[in-house]
Amino acid sequence: MPEPVGAGREDAVGSPAEPGPVRIAVDLLGGDRAPAVVVDGALRALAADPALGLLLVGPPEVADLIVGALPAVDRTRATVRPVREVVAMADHPTRATRADTTVGAAVRAVVAGAADAVVSAGSTGATVTAAVLGFGRWPGVRRPALAATLPALAGPVVLLDVGGSLEARPTTLLQHAVLGAAYASVAHDVRQPRIGLLSVGTETGKGDRTRRAVDAALVAGSLAVDARYVGLVEGFEATAGARADVVVTDGFTGNVLLKGIEGAYALAGEPPQRGAAPRAAALLGVGGTVVVCHGGAEGADVASGIALAALLCRRSAVRRVRALFPDPIRDIPTDTEVSA
């Protein structure tokens, strides 16, 4: 994938210099309340970031609602790729590989160099499938992971996987730990991130066979960017942030936990820190920048997803996280026995 269009230069240690222009391909038809909330989110994002450009992938009449709402001087910041087909939530994810669907066309636009990243609030399975087939997986990555950043009390906590893959193989969770450590360092400037493995208790030997195997492997192994493993953590650690900067789990459990946290935020009226509940996640382990928003996202959530994609492009996050990911990570047999 080409480097971000006009992205800022990096200094000798690899941190980004002044942010430059980026162009994000936005799926106009993705989400439960699309296209209205996507139009709202796109306009919010453009208003907040004067160096942002959008490639609007969807029906021209929907894109025109965005272009027409911009001041005349800004209308060149939004270009249109006409597409009318959408992958519905009930459709099989492989339908996303077709060029005539919005998410498929958005991925192809990035591959062709017409945009730097993809943002969609549509079917997670379809977006992940389109990204894997369009960008390819990194060598050694068995299952890409979706990483959401939670506004925890003691500072941001990266939770992964939150829906990229529903399986819970030990080697997959070990890879997620390394991906999460690298992502926290690159995207959130966390030095020596603390890694916790989600389980039903913090004592050694807690959890199912998979968690016990991964716990032993993390104790014995090394992680990227001088991260350190702090052991097993419980669900509340994801919103506390006192023990772990990265909480690792499988996509099924992570998605359930994330939505439970969102419900708690809604009940309380606001999250424990400034900002909205985390309704956008970065896809890690593929060769392109992809942000997946919650299907029930509001306009502000879509705007946050676009802003996250722009940040990741400007930080060359895909390249930098990939450089921190060792190849290969050794397999942990599923039937590994670890004494409780």
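In this text, all values refer to a predicted model and were calculated from it rather than measured experimentally.

### Overview of the overall build of the protein chain
Point 1. Per the secondary structure count, the protein chain includes 10 helices and 11 strands.
Point 2. Counting all 340 residues of the protein chain, 54% fall into the buried class.
Point 3. By sequence separation, contacts in the protein chain at least 24 residues apart represent 73% of the contacts at least 6 residues apart.
Point 4. Total accessible area computed for the protein chain in this model is approximately 14000 Å², and 55% of it derives from carbon and sulfur atoms.

### A word on the environment of A78
Point 1. Along the chain, A78 falls in strand β3 (residues 78–82).
Point 2. Considered as a pair, A78 and G53 are 25 residues apart in the sequence and their alpha carbons are 5.8 Å apart.
Point 3. Those residues in contact with A78 that sit more than four places away from it in its chain are R23, L54, L56, V67 and L70.

### Comments concerning the pairing of strand β1 (residues 22–27)
Looking along a regular strand, one sees side chains alternate from face to face of the sheet.
Point 1. With five of its six residues buried, β1 lies for the most part within the structure.
Point 2. As judged from the six bridges shared by β1 and strand β2 (residues 52–58), these two strands associate in the parallel manner. Note that in β2 the partner of R23 across the bridge is G53.
Point 3. For the segment spanning β1, helix α1 (residues 36–48) and β2, crossover handedness is right-handed.

### Focus: the sheet that holds strand β6 (residues 157–160)
Point 1. Pairing in this open sheet of 11 strands is mixed, and the strands run β3-β2-β1-β4-β11-β10-β5-β6-β9-β7-β8 from one edge to the other. The sheet is open, and its two edges are formed by β3 and β8 (228–233), each paired on a single side. With strand direction ignored, the average angle separating the axes of adjacent strands in the sheet is 25 degrees.
Point 2. Judged from the five bridges that link them, strand β7 (residues 194–198) and β8 form a sheet pairing that is parallel. The residue bridging G196 from the neighbouring strand is G231, located in β8.
Point 3. Helix-sheet contacts for α1 involve β1 and β2, and the interaxial angle to β2 is about 165 degrees.

### What to know about the packing of helix α3 (residues 102–111) against helix α4 (residues 124–135)
Point 1. Interaxial distance between α3 and α4 falls to 9 Å at its minimum, and their mutual angle equals 30 degrees. As far as their axial angle goes, α4 and α3 are roughly parallel. For α3 against α4, the interelement crossing comes out right-handed. Contacts between α3 and α4 involve V103, V107, V110 and V111 from the first element and T127, A130, A131, G134 and F135 from the second.

Reading the values: rules and limits
Residues numbered from 1 in each chain as written. Predicted model: local features only at pLDDT ≥ 70, side-chain atom pairs only at ≥ 80, totals over all residues. Heavy atoms only, no water. Helix = DSSP H or I, 4+ residues; strand = E, 2+ residues; numbered from the N terminus. Buried < 20%, exposed > 50% of the residue type's maximum accessible area, 1.4 Å probe, protein only. Contact = heavy atoms within 4.5 Å. Areas by Shrake-Rupley, 256 points an atom, 1.4 Å probe, with all protein chains shown as cover. Pairing = 2+ DSSP bridges. Right-handed = clockwise from strand over helix to strand, strands pointing away. Axes fitted to C-alpha atoms, helices over the stretch in contact; angles between N-to-C directions. Parallel < 35°, antiparallel > 145°, perpendicular 65-115°, else oblique. Left-handed = near helix turned anticlockwise from the far one by under 90°.

Purely geometric numbers; function is a separate question.
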